[in-house]
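Chains, contacts and geometry: an overview
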Amino acid sequence: MSNYLDEKKGFTPRDVFEEASRCLLCLDAPCSQGCPAGTDPAKFIRSVRFKNIEGAASTVRENNILAGICARVCPTEKYCEKACSRSGIDKPIQIAEIQRFLTDYEETCKMKILEKEKPNGKKVAVIGSGPAGLTAAGNLALKGFDVTVFEKYSKAGGYLTYGIPEYRLPNDVVNNEIKKIENLGVKFKFNTNVGKDVLLENLKNEYDAVIIAVGFAKGKLIEDAKNAVLAVDFLRDVKESRGNYKVPSDAVVIGGGDVAMDVCTTLKRLGVKNVTDCIYEEFSEFRASQKELSETQKCGVTIMDGYVPSSFKDNGEIVFKHRVINSEVVIKPSLTVLAIGQKADFSGLNITDKDLTSSTYQIKGTNVFYCGDIAPGDKTVVYSVKTGKECARAIIDYVGGNK
Ligand SMILES: Cc1cc2nc3c(=O)[nH]c(=O)nc-3n(C[C@H](O)[C@H](O)[C@H](O)COP(=O)(O)OP(=O)(O)OC[C@H]3O[C@@H](n4cnc5c(N)ncnc54)[C@H](O)[C@@H]3O)c2cc1C
Ligand code: SF4
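With that settled, consider the layout of surface pockets. A water-sized probe, rolled over the atoms, reveals where empty space remains. Volume-wise, the second largest pocket comes out at about 330 Å³. Around the second largest pocket, the lining comprises 15 residues; the ones closest to its centre are Met 111, Lys 112, Ile 113, Lys 180 and Asn 183. When contributions to the lining of the second largest pocket are tallied by element, the ones reaching two or more residues are α7 (95-108) and α10 (171-182). Broken down by element, the lining of the second largest pocket gets its largest block of residues, three residues, from α10. Across the lining of the second largest pocket, the residue classes break down as four nonpolar, two polar and nine charged.

So, in structure tokens, the structure goes:
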């Protein structure tokens, strides 16, 4: 039986108060400085300590429009929890769990936290509805902008909706946060590929500013791996089917990042008996987060570290060679999934990576801005929230007279 939809249980109110009571209430709190999105854990944990749950929930949402999503998928061990002073005594405060409780509380109690300012007469087009585009759109709508988001798929969310598996990020959580952004008046035009169905040049003329937030939409390929499926396509199909996906008895995954770990755990949750992950790096060099790697190992995935595919034969066999030792392994998998990274697809937009290097998120000499994975920095949801917020701020300054 598939357990693809089962999310792990969150904290009870008792867990939350106990965890908050461990907080040292630091001044100039390192956890708050460690959050790229400025969610301010020190402030909301202090409110929890004083039993002000509504105040805590308001702090979270006002600072981070995608706070319920970040609470579930943020690699906090790299950011706020890494910085937490309590680590010096025993272990960091479980900030993400407290944040998850607060955003669930907000949803259950139907709190209305976000209030928008009156219309300012300015129009912004956003290309792409992933976390970066959504954050920029929501933050601009709060400031009175008339915002339209153009999305090539039929649903909003980018990798929140089409990539991250449901057992880590349920659709309901994503949909509720998108609804909050819609309630601010943001309009969505789905099934609209900018560069093909609509031209960027026309949007530049029609809107005061345009934001490109198209993410890393394309999976990287190995030319010879003709029968392999791309990780992002596989995860999207499984997510769209909500786990009703016909799986083979065995599979090989090629790649060692977090996306590869998601593919492995998804395959196991769907009931695939034998899953082997072949990874270029050796254990000591791993790119995947420790959290994801240990989840993958717990599921019973066989990890072959240091192995690279050297040939894909017509009969379906793949020959793997070790990078360091003299070892060769031949596997004939029923399914091969390639998870060797993603890259941007700028087709029809007439831009290159060189245009995307400004600290003000603006393409020089134009009214075009950008944010999310295509901007320099970490490729995570919380970084997309950070760059989405900063990009919105840059547009507010731009239309305010610094044209
Ligand atoms: C499987 C997977 C698991 C991940 N897990 C995590 C995790 O646990 N934690 C974490 O922090 N990060 C995770 N990430 C990374 C994270 O999802 C990305 O960093 C984040 O989604 C980037 O946001 P974005 O808005 O820049 O782009 P995206 O989320 O890629 O969204 C871009 C949107 O633009 C649309 N678009 C593209 N081109 C056009 C066009 N021409 N016209 C109109 N629309 C267009 C796309 O359809 C898409 O909806 C994961 C990524 C993947 C693939
Ligand atoms: S750094 Fe840790 S202990 Fe200090 S305020 Fe933040 S959560 Fe509390």
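With that out of the way, let us pick up the sheet that holds strand β6 (residues 229-230). With respect to topology, five strands assemble into an open sheet ordered β6-β13-β7-β8-β9, the strand pairing being parallel. Two strands bound the open sheet, and with one partner strand each, they are β6 and β9 (302-305).

Counting across every chain of the model gives 10 aromatic pairs. Arranged with centres 4.8 Å apart and planes meeting at 50°, the rings of Tyr 153 and Tyr 162 form a pair that is tilted. Judged by centre distance (5.4 Å) and plane angle (90°), the ring pair of Phe 234 and Tyr 245 falls under edge-to-face. In this pair, Phe 234 sits in helix α12 (residues 231-241) while Tyr 245 sits in the loop between α12 and β7 (250-254), placing the two residues 11 residues apart along the sequence. The class for Phe 234 is buried, based on a relative accessible area of 0%. For Tyr 245, a relative accessible area of 24% translates into the label partly exposed. Here the guanidinium or amino end of Lys 51 rests over the ring plane of Phe 17, the centre of that ring lying 4.7 Å away.

When the parts of a complex come together, some accessible area is lost, and that lost area is often used as the size of the interface. The domains assigned to the protein chain are domain 1 (13-108), domain 2 (123-217 + 344-399) and domain 3 (219-342). In this structure, domain 1 and domain 2 have C-alpha centres spaced 26 Å apart. Each partner contributes residues to the interface: domain 1 has 21 residues there, and domain 2 has 25 residues. If you sort the residues of domain 1 by the area they bury against domain 2, Ile 65, Leu 66 and Ile 69 come out on top, with a joint share of 34%. On inspection of domain 1 and its partner domain 2, the count reaches three salt bridges. Here Glu 177 makes a salt bridge to Arg 61, at a shortest N to O gap of 2.9 Å.

It is worth spelling out the pattern of salt bridges at this point. Inspection of the entire model under this criterion finds 28 salt bridges. Glu 166 serves as the salt-bridge partner of Arg 242, at 2.9 Å between the closest nitrogen and oxygen. On the criterion of sequence distance, the pair formed by Arg 242 in the loop between α12 and β7 and Glu 166 in the loop between α9 (159-162) and α10 is long-range, its members being 76 residues apart. Using a relative accessible area of 3% as the deciding quantity, one classes Glu 166 as buried.

In this section: the nonpolar core. Judged by nonpolar contacts, the single largest core of 68 residues is most densely connected at Ile 69, Leu 140, Leu 160, Ile 211, Ile 212 and Ile 395. Broken down by element, the residue count for this core peaks at 11 residues, all from helix α15 (residues 381-399). The residues that make up this core include at least three from each of domain 1 (13-108) and domain 2 (123-217 + 344-399). With sequence-adjacent residues up to four places away left out, Ile 211 is seen in contact with Val 124, Ala 125, Val 126, Ile 127, Ala 136, Leu 140, Phe 369, Tyr 370, Cys 371, Cys 391 and Ile 395.

Along the polypeptide, Glu 292 turns up in helix α14 (residues 290-298). A distance of 3.4 Å separates polar atoms of two side chains, one belonging to Glu 292 and the other to Arg 168. Those residues in contact with Glu 292, other than ones at most four positions away along the chain, are Arg 168, Asp 258, Met 261 and Asp 262.

Before going further, it helps to spend a moment on unusual backbone geometry. Positive phi, normally seen in glycine, also occurs at Asp 28, with a value near 45°. Relative to the helices and strands, Asp 28 is located in the loop between α1 (13-21) and α2 (30-34). In this model, Asn 350 sits at a positive phi of 60°, which is unusual for a non-glycine residue. When you line up the elements, Asn 350 lands in the loop between β14 (342-343) and β15 (368-370).

Where helix α13 (residues 258-269) meets α14, the closest approach of the two axes is 9 Å, and the angle between their N-to-C directions is 25°. Judged on the interaxial angle alone, α14 and α13 are roughly parallel. Between α13 and α14 lies a crossing whose hand is left-handed. Judged by residue contacts, Asp 258, Met 261, Asp 262, Cys 264 and Thr 265 of α13 engage Glu 292, Leu 293, Glu 295 and Thr 296 from α14. Residues that form the contact of α13 with α14 fall into these classes: three nonpolar, two polar and four charged.

Moving on, we get to the sheet that holds strand β1 (residues 123-127). Overall, parallel pairing links the five strands, which are arranged β3-β2-β1-β4-β15 in an open sheet. The two strands at the open ends of the sheet, each matched to only one other strand, are β3 (187-189) and β15. For this sheet the average axis-to-axis angle between neighbouring strands, irrespective of direction, equals 25°. As paired strands, β1 and strand β4 (residues 209-212) are joined by four bridges and run parallel to one another. The partner of Ile 127 across the bridge, within β4, is Ile 212. In this fold helix α8 (residues 131-142) packs onto β1, β2 (146-150), β3 and β4, with an angle of close to 165° to the strand it touches most, β2. Across the face of the sheet, α15 comes into contact with β1, β4 and β15 while running at roughly 160° to β15.

Calculation criteria
- Residues numbered from 1 in each chain as written.
- Chains lettered and ligands numbered in written order.
- Predicted model: local features only at pLDDT ≥ 70, side-chain atom pairs only at ≥ 80, totals over all residues.
- Heavy atoms only, no water.
- 1 Å grid on protein atoms, 1.4 Å probe; cavity = no way out; pocket = protein on both sides within 12 Å on 5 of 7 lines; lining within 4 Å.
- Points joined across faces, edges and corners; volume = space filled by probe spheres on them.
- Helix = DSSP H or I, 4+ residues; strand = E, 2+ residues; numbered from the N terminus.
- Nonpolar A, V, L, I, M, F, W, Y, C, P; charged D, E, K, R; others polar.
- Pairing = 2+ DSSP bridges.
- Phe/Tyr/Trp six-rings, centres within 6.5 Å; stacked < 30°, edge-to-face > 60°.
- Buried < 20%, exposed > 50% of the residue type's maximum accessible area, 1.4 Å probe, protein only.
- Lys NZ or Arg CZ within 6 Å of the ring centre and 35° of its normal.
- Domains from an automatic or database assignment.
- Contact = heavy atoms within 4.5 Å.
- Buried area = accessible area lost by both parts, 1.4 Å probe.
- Salt bridge = Lys/Arg side-chain N within 4 Å of Asp/Glu carboxyl O.
- Core = buried A, V, L, I, M, F, W, Y, C linked by side-chain atoms within 4.5 Å.
- Polar contact = N/O pair within 3.5 Å; in protein donor to acceptor, adjacent residues only side chain to side chain.
- Axes fitted to C-alpha atoms, helices over the stretch in contact; angles between N-to-C directions.
- Parallel < 35°, antiparallel > 145°, perpendicular 65-115°, else oblique.
- Left-handed = near helix turned anticlockwise from the far one by under 90°.

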